[in-house]
Amino acid sequence: MTAQRWTQAVRDQVAFGGLLPLGDGTAGAWLAESAAVAALRHAGDLAPGVRLERITLIPTRTDDSATPQTTFPAPPTALPPGPLRLSASFAACVTHPLPETAATLRVVLLSTARDRLGLAVARADLRVTDLLDEDPRAGQVSTGQGRPLDADESRVPEGIARHAATAARSVDGIAGLSGAFGGHGRPVRLDEARADGSPAHVRVEVVATDLRPLPDTVRAVRSAVTSVLEPGTTVTVLVTGWLPETGAGNDGAPA
């Protein structure tokens with residue numbers, strides 16, 4: 001890898017933020033923080049009288065002894081299982097009562113994080129940073145994050161990886177494959193070869209849409225990929241991008 005490509009890979013890695021575990025952290029699936037923020041921003045932009053600014057998701061303090069255990073190998077930069085705290089700063093329109101605006105935004109963000117994304121968010125802290133004379137919804141709504149690297153699986157090497165990629169790409173709610181994590185450009189990673197050469201573990205990297213709740217999409221991806229692998233192969237799913245359904249064209253790229 002050249003110095004320029006290495007530098008770009010590092011920048012891409014930083015841009016992803018942390019990898020957030022879905023559910024209680026035992027499901028073997030993670031969502032890039034940047035993709036989670038894109039989904040939350042898209043939902044928040046639809047709330048009346050609000051212009052979202054900064055959104056962060058960080059672990060809350062928890063008793064390590066209560067941390068769920070999982071047999072799935074976690075990717076680098078993955079956060080440990082446990083509750084998350086969502087923090088958001090926003091500008092509010094003066095034509096809407098501020099307490100009502102904040103209450104509505106909190107409900108929207110929490111329901112999106114928990115019900116649509118499957119994140120274990122325990123609380124949401126909001127901070128008003130500016131007051132606006134007009135409703136910002138007149139502007140453009142955010143369109144998501146995460147252009148798929150491979151809209152089809154033709155660029156994936158033949159063999160097990162190609163079969164896994166084809167299976168993942170066929171699932172409803174998947175906009176395309178992505179190989180951006182780690183800077184290797186590989187949407188399917190094969191690890192821990194068995195004696196017969198088949199992998200003991202497969203990780204697939206995808207860009208999802210809001211067609212349905214993300215946990216349902218992830219379960220469907222795992223089921224589809226598992227069906228084309230040798231019995232006993234573990235499958236993990238890494239969601240590195242998110243697109244609203246209206247922003248995904250037939251090739252999986254933003255319209």
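Along each chain, numbering runs from 1 in the same order as the chain's sequence is written. With the structure being a predicted model, the display of local features is reserved for residues of pLDDT at least 70 and the display and counting of side-chain atom pairs for 80 or more, all residues being used for whole-chain, interface and lining totals. Side-chain numbers come from the whole structure's heavy atoms, not from hydrogens or water.

Engineer: How do you make sense of the overall build of the chain when you look at a structure like this?
Structural biologist: Under the scheme used here, helices are H or I runs from DSSP no shorter than 4 residues and strands are E runs no shorter than 2 residues, and both carry numbers assigned from the N terminus. Counting its secondary structure elements, the chain contains five helices and nine strands. Taken from N to C terminus, the helices and strands of the chain fall in the order α-β-β-α-β-β-α-β-α-β-β-β-α-β. For the chain, the share of sequence-separated contacts (at least 6 apart) that also reach a separation of at least 24 residues comes to 74%. A 1.4 Å probe and the Shrake-Rupley method give the accessible areas. Residues count as covered only by the protein chains that appear here. Carbon and sulfur atoms provide 52% of the accessible area of the chain, an area that totals close to 12,500 Å². Contacts between residues were defined by any pair of non-hydrogen atoms, one from each residue, lying within 4.5 Å.

Engineer: Help me understand the pattern of salt bridges, please; the structure alone is not making it clear to me.
Structural biologist: Where side chains of opposite charge bring their charged atoms close, a pairing between them can arise. By definition, a salt bridge exists where a carboxyl oxygen of Asp or Glu is found within 4 Å of a side-chain nitrogen of Lys or Arg. Counting across every chain of the model gives five salt bridges. The closest approach of N and O atoms between R189 and D191, which form a salt bridge, is 3.1 Å. Overall, the relative accessible area of 23% leaves D191 in the partly exposed class. When the shortest N-O distance is used, the salt bridge between D216 and R219 registers 2.4 Å. Of this pair, D216 and R219 both sit in helix α5 (residues 214-226), three residues apart, which is roughly one turn of that helix. In the salt-bridge network here, residues are joined through shared partners; they are R85, R123 and D125. A simple rule labels every residue: compare its accessible area, found with a 1.4 Å probe on the protein chains alone, to the largest value its type can have, and call it buried under 20%, exposed over 50%, or partly exposed in between.

Engineer: What should I look at first to understand the pairing of strand β8 (residues 199-209) in this one?
Structural biologist: For a regular strand, the rule is simple: side chains alternate between the two faces of the sheet. Burial of β8 is extensive: 10 of the 11 residues sit out of reach of the surface. At least two bridges found by DSSP between two strands is the condition for calling them paired. As defined by bridge partners, strand β6 (residues 174-177) adjoins β8 across three bridges and the pair is classed as antiparallel. Across the sheet, residue G176 finds its bridge partner in β8, namely V207. Two strands pair when backbone bridges link them, and strand β7 (residues 188-193) and β8 are joined in this way by five bridges, in the antiparallel orientation. Bridged to A193 within β8 is P199.

Engineer: What am I meant to see in the packing of helix α4 (residues 160-169) against α5 here?
Structural biologist: When two helices pack together, you describe them by how their axes are tilted relative to each other and by the distance separating the axes. The axes used here are C-alpha line fits, helices contributing only the stretch in contact, and every angle between their N-to-C directions lies in the interval 0 to 180 degrees. Between α4 and α5, the least distance of the axes is 8 Å, while the angle of their chain directions is 145°. Note on packing geometry: the crossing formed by α4 with α5 is right-handed. Contact with α4, carried on its side by A164, A167 and A168, involves V221, A224 and V225 of α5 and no other residues of that element. The class makeup of the residues in the contact of α4 with α5 is six nonpolar, no polar and no charged. Crossing handedness is read from the near helix: turned anticlockwise from the far helix by less than a right angle, it gives a left-handed crossing, and turned clockwise, a right-handed one. Residues are grouped as follows: nonpolar covers Ala, Val, Leu, Ile, Met, Phe, Trp, Tyr, Cys and Pro; charged covers Asp, Glu, Lys and Arg; every other residue, Gly included, is treated as polar.

Engineer: Would you mind going over the packing of helix α2 (residues 33-44) against helix α3 (residues 98-116) with me for this structure?
Structural biologist: Here α2 crosses α3 at 140°, and the two axes come no closer than 9 Å. Regarding α2 and α3, the two cross each other, and that crossing is right-handed. Of α3, the residues touching α2 (which contributes A39, L40, A43 and G44) are L105, V108, L109, T112 and A113. Taken together, the residues that form the contact of α2 with α3 break down as seven nonpolar, two polar and no charged.

Engineer: Just checking my understanding: could you explain the sheet that holds strand β4 (residues 84-93) for this structure?
Structural biologist: Think of a sheet as strands paired side by side through backbone hydrogen bonds, with each pair either parallel or antiparallel. Here three strands make up an open sheet; going across it, the order is β3-β4-β5 and the pairing mixed. Edge positions in the sheet fall to β3 (50-59) and β5 (121-132), since each of these pairs with one other strand and no more. Averaged over all pairs of adjacent strands, the angle between their axes in this sheet comes to 15°, without regard to strand direction. Pairing between β3 and β4: eight bridges, direction antiparallel. The residue of β4 that forms the bridge with I55 is A88. Each of β3 and β4 touches α2; the most contacted strand, β3, lies at about 145° to it. Strand contacts of α3: β3, β4 and β5, with the helix running at about 140° to β5, the strand carrying the most contacts.

Engineer: Teacher, can you tell me more about the side chain of T56 here?
Structural biologist: With respect to the helices and strands, the residue T56 is situated in strand β3. Dropping the residues within four chain positions of it, T56 is found in contact with E33, R85, L86 and S87.

Engineer: It is not clear to me how the environment of A102 should be interpreted in this structure. Could you clarify?
Structural biologist: Of note, A102 is situated in helix α3. With relative accessibility at 19%, the residue A102 sits in the buried group. Taking C-alpha positions, A102 is 9.6 Å from G49, a pair spaced 53 residues apart along the chain. Residues contacting A102, with those up to four places away along its chain left out, are F90 and L126.

Engineer: Explain the side chain of R222 here, please?
Structural biologist: Tracing the backbone shows R222 in helix α5. Look at R222: it is buried, it has no salt bridge, and the nearest opposite charge is D24 at 10 Å. Among the polar contacts made by the side chain of R222, one reaches the main-chain carbonyl oxygen of G28 at a distance of 2.9 Å. Setting aside its immediate chain neighbours within four residues, R222 contacts A27, G28, A29, F72, V235, T236 and V237. Under this rule, positive means Lys or Arg and negative means Asp or Glu; His and the chain ends count for nothing. Throughout this description, a polar contact denotes any pair of N or O atoms lying within 3.5 Å of each other; where both atoms belong to protein, one of them has to be capable of donating a hydrogen while the other can accept it, and for residues adjacent in sequence the pair is counted only when both atoms sit in side chains.

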